[in-house]
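Here's the letter readout for the chains.
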Amino acid sequence: MNLNKLYEELIKICPQDIVLRNEPMSHHTLTKIGGKADLFVLPETYEQVAVIVRLKNEYEIPFMLLGNGSNMIVRDGGVRGLVMHMKNLTDITVTGEKVKAQGGADIKEASQIALNHRLSGLEFACGIPGSIGGAMVMNAGAYGGEVKDVIDHVIAVSEDGELLTLKKEELGLDYRTSIIGKKNMIVLEAVFHLQSAEQIEIKEKMDDLTFQRESKQPLEYPSVGSVFKRPPGYFAGKLIQDSGLQGKGVGGAEVSTKHAGFIVNKNDATATDYIATIDMVRKTVKDNFGVELELEAKIVGEDLRND
C-alpha cells in the first residue's frame, strides 16, 4: 500500500486538517472501542467524496466508510488503509413536504426537524442512533416504520466514483438491506417525502416511542445498538434472555440486564471482549435452541498483533 503517496494526493484536494494519520477509531464509534486507522479523511464536499473514491481505486488502497459509528465494532488492531468519515456533510433542509438530509447527518435529527416543520413519517427514527447514509444502507427501521416507507430518492457515489441519482424503486430496500450496501455506494444525500400533520400528534408519537426506547434500552452505557438480526419466527433478545445470559460477558463487555439484545461496554471493554461476548451468546443460543443468530452489527478491522 502506498499510503504516503495517497496522503499527498488527498491533501491536494482536501484541507490538511481533515486528512489524519493513525486516528483512533475509538474516538468515532458509539462503543468507544477500536484501534487506529492508517488514514482518516473527513470530506467537506460531494466532489471531494467522488475524487477520494477514485483515488483509493487508483492506488488500490483498502477502504472503509464510517457514518456515525453506531452499528460497527472495530477490532483492536485498527483499520488498514483509508477510512472516510462523513461528519462534515450533515446539512438538513426542508422544502414543502420533502426533507433533504446529507449522508453524514443523524437520522434522529432529521426526524426532529420534520417535527419542527409539522411533517409526519420519520417518527420511527427519533431514537435510531445512525447516520442518514447508514440508515439507507440498512433500510433502518423501528416501531413499525422504516426508511423505505418515506424515501423519495438518493444521491450517491458509486464504487467507481460516479455520481448517481437513485429513485426509491431502484434502491432494493428490504429488511436491513439495500442496493446501497450491496454495491458499496456512498450516500451523499437522501430526500424523504413526508406528510403534513398536526405537530402535537407527531410529538406525542415521538414522545411515546422515546419513552419505550429509554425504558427498554441500556442507553446509559456505550453499545453497538442491536447486535443481532431478528431470526425468522423468534426474537433474538428473548432467546438470549431465556438462555440466562443477561449480566454475563467477557472482560468489560456484558449482555445488558435491561435488554438482552444489547451488549454494552460496561467497564472499558476492548473489541476482543465485545466479540468474545458475541461468540459466547451465539454459541449458547445455538446449543439451547438450535437457532443461529445472524449479526446485524458489522465487525471490521484487524486483531491486535503481539509482535
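Everything numeric here is computed off the predicted structure, so don't read it as measured data.

What counts and what doesn't
Residues numbered from 1 in each chain as written. Predicted model: local features only at pLDDT ≥ 70, side-chain atom pairs only at ≥ 80, totals over all residues. Heavy atoms only, no water. Helix = DSSP H or I, 4+ residues; strand = E, 2+ residues; numbered from the N terminus. Rg over C-alpha atoms; globule rule 2.2 N^0.38 Å. Buried < 20%, exposed > 50% of the residue type's maximum accessible area, 1.4 Å probe, protein only. Contact = heavy atoms within 4.5 Å. Areas by Shrake-Rupley, 256 points an atom, 1.4 Å probe, with all protein chains shown as cover. Lys, Arg positive; Asp, Glu negative; His and termini not counted. Charge placed at Lys NZ, Arg CZ, Asp CG, Glu CD. UniProt positions renumbered as here; feature names shortened; annotations may be inferred. Phe/Tyr/Trp six-rings, centres within 6.5 Å; stacked < 30°, edge-to-face > 60°. Lys NZ or Arg CZ within 6 Å of the ring centre and 35° of its normal.

Another point: the overall build of the protein. A tally of helices and strands in the protein yields eight helices and 18 strands. Relative to the 2.2 N^0.38 estimate, which gives 19 Å for 307 residues, the radius of gyration of the protein is 20 Å and therefore close to what a compact globule would have. On the principal axes, the C-alpha backbone points of the protein span a range of 60 × 55 × 30 Å. The buried share of the protein, reckoned over its 307 residues, is 50%. Considering only contacts in the protein between residues 6 or more positions apart, those separated by 24 or more positions represent 66%. Working note: accessible area of the protein is about 14500 Å², and carbon and sulfur atoms make up 46% of it. Within the protein, the 44 negative side-chain charges are centred at a point lying 3 Å from the centre of the 35 positive side-chain charges.

This brings us to the UniProt feature "domain: FAD-binding PCMH-type" (unreviewed entry) in the protein. Residues annotated by UniProt as "domain: FAD-binding PCMH-type" (unreviewed entry) correspond here to residues 33-197. In residues 33-197, helix accounts for 21% and strand for 35%; the two terminal C-alpha atoms are 41 Å from one another.

In this structure the tally under the stated criterion is zero aromatic pairs. Here the guanidinium or amino end of Arg21 rests over the ring plane of Tyr7, the centre of that ring lying 3.9 Å away.

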